[in-house]
Amino acid sequence: DFFVQEFLPYMEANYRIKTTRNNTAIAGLSMGGYGCTYHAFKRHEKFGSCYAMSAALATVAQLPDIRDVVNAKTPEELQNMPAYTMEVGSQDWLVLNGNVAFHTYLTGKGIEHNYITRPGTHDWNFWMTCLPKAVDFFSNYFD
């Protein structure tokens, strides 16, 4: 709630930024990868693109299940989901299975997305390679 109800409005009110959907992107790694995916899918009208790196997407009892968020969408809303990329290391035993399962789920729902898996683990060496790709990805959607 803080992120959407306080942080984003503060940024929009105090900095000269474009606030349209096409100019609003979100990214995160590990638990932040879960968070960015959750916010992008829950608030598809706010975010035009999302890049999740090594996202902690396995179902955790304390966290809302993103599949429930997606399942609650109308067919029209599902056609207007943010551009979405998920990237995970093939040796990242902490989150790999959750990413594979979520990729399979999105594919089954017909939700367009990019799924990247490459050698790597759950560490900064992997994420530092993701970051330039995320910036490039977002630049394809900004006005």
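Structural notes, computed from the coordinates. (Residues numbered from 1 in each chain as written. Predicted model: local features only at pLDDT ≥ 70, side-chain atom pairs only at ≥ 80, totals over all residues. Heavy atoms only, no water.)

1. Overview of the nonpolar core
To be explicit about the condition: Put simply, buried Ala, Val, Leu, Ile, Met, Phe, Trp, Tyr and Cys residues joined by side-chain atoms within 4.5 Å make one nonpolar core. Here the term buried applies to any residue with accessible area under 20% of the maximum for its type, exposed to any over 50%, and partly exposed to those in between, with areas from a 1.4 Å probe on protein chains only. Numbered from the N terminus, helices here are DSSP runs of H or I no shorter than four residues, and strands are runs of E no shorter than two. Any two residues whose heavy atoms approach within 4.5 Å are treated as being in contact.
Among the nonpolar cores identified, the biggest contains 23 residues, and Phe41, Leu57, Ile66, Val70, Tyr84, Phe102 and Leu106 are the most heavily contacted of them. Elements supplying a minimum of two residues to this core: helix H2 (31–42), strand S2 (49–53), helix H3 (66–71), strand S3 (83–89) and helix H5 (96–109). For this core, the element with the highest residue contribution is H2, accounting for five residues. Every residue in contact with leucine 106, bar those within four places of it in the chain, is listed here: Phe41, Tyr84, Met86, Ile111 and His113.

2. Let's talk about the pattern of salt bridges
Formally: For this document, the term salt bridge refers to a Lys or Arg side-chain nitrogen within 4 Å of an Asp or Glu carboxyl oxygen.
Scanning the entire structure with this criterion turns up four salt bridges. In this structure, glutamate 87 engages arginine 118 in a salt bridge whose closest nitrogen and oxygen atoms are separated by 2.5 Å. A residue pair is termed long-range when its members are at least 10 positions apart, and glutamate 87 in strand S3 and arginine 118 in strand S4 (residues 114–118) qualify at 31 residues. We note a salt bridge from glutamate 87 to lysine 133, for which the minimum N-O separation is 2.5 Å. Pair noted here: glutamate 87 is in strand S3 and lysine 133 is in helix H6 (residues 124–139), with a separation of 46 residues, a long-range link. Residue classification places glutamate 87 among the buried positions, given a relative accessible area of 0%. Three or more residues joined by partner-sharing salt bridges are found here, namely Glu87, Arg118 and Lys133.

3. Some points on the pairing of S4
Basically, it comes down to this: Here, a strand pair is defined by DSSP locating no fewer than two bridges between the strands. Orient the strands so they point away from the viewer, and a crossover whose first-strand-to-second-strand path over the helix runs clockwise is right-handed.
For S3 and S4, the ladder comprises five bridges, and the chain directions are parallel. The residue bridging methionine 86 from the neighbouring strand is tyrosine 115, located in S4. With respect to chirality, the unit in which S3 leads through H5 into the neighbouring parallel S4 is right-handed.

4. Comments concerning H5
Note the following rule: The length a helix should cover is 1.5 Å for every residue beyond the first.
For H5, with 14 residues, the first-to-last C-alpha span of 20 Å sits near the 20 Å given by 1.5 Å per residue. Residues Leu96, Gly98, Asn99, Phe102, Tyr105 and Leu106 constitute the buried set of H5. Residues of H5 that are buried sit in contact with H2, H3, S3 and S4.

5. Some words on the pairing of S2
Most of S2 sits inside the fold, with five of its five residues counted as buried. Residues of S2 alternate between two faces, with Ser49, Tyr51 and Met53 on one and Cys50 and Ala52 on the opposite face, all of them buried. Bridge count for strand S1 (residues 25–29) against S2 is five bridges, and the pairing is parallel. Pairing of leucine 29 across the sheet is with methionine 53, part of S2. Once you follow S1 into H2 and on to S2, the crossover reads as right-handed. Here S2 runs beside S3; their pairing, made up of five bridges, is parallel.

6. Some thoughts on the packing of aromatic side chains
Spelled out, the test is: Centre distance within 6.5 Å is the pairing criterion for rings of Phe, Tyr and Trp, where only the six-membered ring of Trp is used; planes under 30 degrees apart are then read as stacked, over 60 as edge-to-face, and the remainder as tilted.
Scanning the entire structure with this criterion turns up 13 aromatic pairs. With centroids separated by 6.0 Å and ring planes inclined at 20°, the aromatic side chains of tyrosine 34 and tyrosine 38 adopt a geometry described as stacked. Placement of both tyrosine 34 and tyrosine 38 in helix H2 is noted, with a separation of four residues, approximately one turn of the helix.

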